[in-house]
Amino acid sequence: MAYQFPALTSEQKKELSEIAQRIVANGKGILAADESVGTMGSRLQRIKVENTEENRRQFREILFTVDDSVSRSIGGVILFRETLYQKDSQGKLFRDILKEKGIVVGIKLDQGGAPLAGTNKETTIQGLDGLSERCAQYKKDGADFGKWRAVLKIDNQCPSHLAIQENANTLARYASICQKNGLVPIVEPEVIADGDHDMEHCQYVTEKVLAAVYKALNDHHVYLEGTLLKPNMVTAGHASTKKYTPEQVAMATVTALYRTVPAAVPGICFLSGGMSEEDATLNLNAINLCPLPKPWKLSFSYGRALQASALAAWGGKAANKKATQEAFMKRALANCQAAKGQYVHTGSSGAASTQSLFTACYTY
Ligand SMILES: O=P(O)(O)OC[C@@]1(O)O[C@H](CO)[C@@H](O)[C@@H]1O
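Structure report, in brief. (Residues numbered from 1 in each chain as written. Predicted model: local features only at pLDDT ≥ 70, side-chain atom pairs only at ≥ 80, totals over all residues. Heavy atoms only, no water.)

### Here's the deal with the overall build of the chain
Counting its regular elements, the chain contains 13 helices and 10 strands. Against the 2.2 N^0.38 benchmark of 21 Å for 364 residues, the chain shows a C-alpha radius of gyration of 19 Å, consistent with a compact globule. Taken along its principal axes, the extent of the C-alpha atoms in the chain is 60 × 50 × 40 Å. Look at the contacts in the chain between residues 6 or more apart in sequence, and 81% of them connect residues 24 or more apart. Surface exposure of the chain reaches about 15400 Å², of which carbon and sulfur atoms provide 52%. (Helix = DSSP H or I, 4+ residues; strand = E, 2+ residues; numbered from the N terminus. Rg over C-alpha atoms; globule rule 2.2 N^0.38 Å. Contact = heavy atoms within 4.5 Å. Areas by Shrake-Rupley, 256 points an atom, 1.4 Å probe, with all protein chains shown as cover.)

So, in structure tokens, the structure goes:
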């Protein structure tokens with residue numbers, strides 16, 4: 001079919017692909033600091049800190065004012081709306097602090113799940129109404145990429161054909177709206193780890209989901225060079241008794257990606273999905289060492305697996321700033337090494353880094 005109605009100009013495409021490439025250059029990845037107020041509440045509850053706007057601000061100030069060398073490991077930070085407009089204690093906007101470090105600012109754009117009638121408690125994601133206007137405003141306010149998380153689960157009759165198609169289509173609508181407004185869309189179809197299924201079943205489902213997502217992105221004329229994918233790694237369900245090595249996880253994950261994700265996509269930044277910090281790093285390292293063709297950058301976009309040790313070190317006390325920043329830097333560096341297949345586990349990780357961070361039915 002003739003290319004009659006081009007969606008983007010060549011300047012728009014150039015800008016989008018440059019942003020996407022910058023985020024994942026040289027082993028860099030993404031800090032997903034976009035927990036909604038509710039999700040941040042459960043993180044703070046774990047360390048017995050009250051979920052107030054000021055406490056959320058204080059923790060994020062500590063992360064974002066870390067030494068400038070963090071920009072060698074972190075190429076982008078995803079923010080929640082509240083955080084995009086927050087300032088440090090000197091009155092400087094967080095987004096300006098990040099930009100001055102050379103870090104690309106992103107914004108969470110989805111607005112949570114809604115039930116899909118007639119399914120086994122499956123969901124779609126809301127937030128398309130008014131999305132173009134919000135994207136335009138966020139672009140003016142300094143954001144250069146967006147994030148939209150769709151959740152699919154493995155269960156009796158799940159994910160259903162309807163849930164796969166609906167979430168793929170919604171992700172594609174979101175992605176095309178982002179690109180029109182100059183934001184690189186992070187496309188996140190997460191197959192959550194709830195369940196006792198084995199790794200092979202997760203691989204089968206992940207392939208089905210990703211194949212549907214890339215069909216929908218193509219249908220919606222999304223410019224793949226100006227996108228990033230944020231998928232789950234292929235693992236067994238959290239309740240499975242079967243255990244797999246990082247090399248096995250890596251082989252299943254890269255196989256699923258190789259079968260479904262076009263080489264035009266510049267980067268794949270995994271979510272951590274409740275893995276411990278150390279497992280998330282070891283799996284990413286094995287993925288980068290996997291002896292299969294890997295035409296994309298394979299990196300990270302971790303929330304829990306970049307912040308758990310830092311949160312534990314902070315404990316809500318300003319006096320712990322240094323220890324908090326050290327804990328965060330340690331994970332950022334480890335994941336940057338893993339994104340290049342150069343991570344060597346020293347065996348000196350703190351207790352928080354080996355703890356499972358799994359939360360059942362992780363919605364927000
Ligand atoms: O799985 P992780 O690495 O902790 O977080 C992945 C993620 O998409 O899920 C969270 C909840 O929406 C977000 O804060 C984050 O961006």
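### Brief notes about helix H7 (residues 161–180)
Here H7 is 20 residues long and its end C-alpha atoms lie 29 Å apart, about the 28 Å a rise of 1.5 Å per residue gives. Looking one or two residues beyond H7, the residue adopting positive phi is Gly 182, at roughly 80 degrees. (Expected span 1.5 Å × (residues − 1).)

### A look at the pairing of strand E2 (residues 74–79)
Within E2, 6 of the 6 residues are buried, which leaves the element mostly enclosed by the surrounding structure. Sheet analysis places strand E1 (residues 29–33) next to E2, joined by 5 bridges and oriented parallel. Within the sheet, the bridge partner assigned to Ile 30 lies in E2 and is Gly 76. Two elements, E2 and strand E3 (residues 104–108), share 4 bridges in a ladder whose sense is parallel. Along E3, the bridge assignment pairs Gly 76 with Val 104. (Buried < 20%, exposed > 50% of the residue type's maximum accessible area, 1.4 Å probe, protein only. Pairing = 2+ DSSP bridges.)

### Quick look at the packing of aromatic side chains
In the structure shown here, the tally under the stated rule is 4 aromatic pairs. With a centroid separation of 5.2 Å and 40 degrees between ring planes, the pair formed by Phe 59 and Trp 314 is classed as tilted. One end of the pair, Phe 59, is in helix H3 (residues 53–64); the other, Trp 314, is in helix H11 (residues 304–314), and 255 residues separate them in sequence. Judged on exposure class, the residue Phe 59 and its partner Trp 314 are both buried. When the ring of Phe 64 is compared with that of Phe 94, the centres are 5.2 Å apart and the planes differ by 85 degrees; the resulting orientation is edge-to-face. Residue Phe 64 is found in helix H3, and its partner Phe 94 is found in helix H5 (residues 94–100); the two are separated by 30 residues along the sequence. (Phe/Tyr/Trp six-rings, centres within 6.5 Å; stacked < 30°, edge-to-face > 60°.)

### Remarks on the pairing of strand E10 (residues 297–302)
A large share of E10 lies buried, amounting to 5 of its 6 residues. Pairing between E1 and E10: 2 bridges, direction parallel. Bridge pairing in E10 places Ile 30 opposite Ser 301. Bridge analysis of strand E9 (residues 267–270) against E10 gives 4 bridges, and the strand direction is parallel. Paired with Cys 269 across the bridge in E10 is Ser 299. A crossover links E9 with its parallel partner E10, the connecting element being helix H10 (residues 277–289), and its sense is right-handed. (Right-handed = clockwise from strand over helix to strand, strands pointing away.)

### Here's the deal with the environment of Gln 203
Tracing the backbone through its elements, the reader meets Gln 203 in helix H8 (residues 199–219). Every residue in contact with Gln 203, bar those within four places of it in the chain, is listed here: Val 234, Ala 252, Thr 255, Ala 256 and Arg 259. In this structure the side chain of Gln 203 is engaged in a polar contact, spanning 2.9 Å, whose partner is the side chain of Glu 207. (Polar contact = N/O pair within 3.5 Å; in protein donor to acceptor, adjacent residues only side chain to side chain.)

### Some thoughts on the site of the ligand
Looking at the ligand, there are 15 residues lining it, with Asp 34, Glu 188, Ser 272, Gly 273 and Arg 304 nearest. Contact between the ligand and Ser 272: an oxygen atom at 2.5 Å from a side-chain N or O atom of the residue. Relative to its unbound accessible surface of 390 Å², the ligand loses 99% to contact with the protein. The residue inventory of the shell around the ligand, partitioned by class, reads 5 nonpolar, 3 polar and 7 charged. (Near = heavy atom within 4 Å. Nonpolar A, V, L, I, M, F, W, Y, C, P; charged D, E, K, R; others polar.)

### A short note on the nonpolar core
Within the largest apolar cluster, 108 residues are counted, with the highest numbers of intra-cluster contacts made by Ile 74 and Leu 109. Considering every element that reaches this core, the biggest residue donor is H8, with 10 residues. Those residues within four positions of Leu 109 in sequence are excluded, and the remaining contacts are Leu 131, Arg 134, Cys 135, Tyr 138, Gly 146, Lys 147, Trp 148, Tyr 174, Cys 178 and Leu 183. (Core = buried A, V, L, I, M, F, W, Y, C linked by side-chain atoms within 4.5 Å.)

Taken by themselves, the reported measurements are silent on function.
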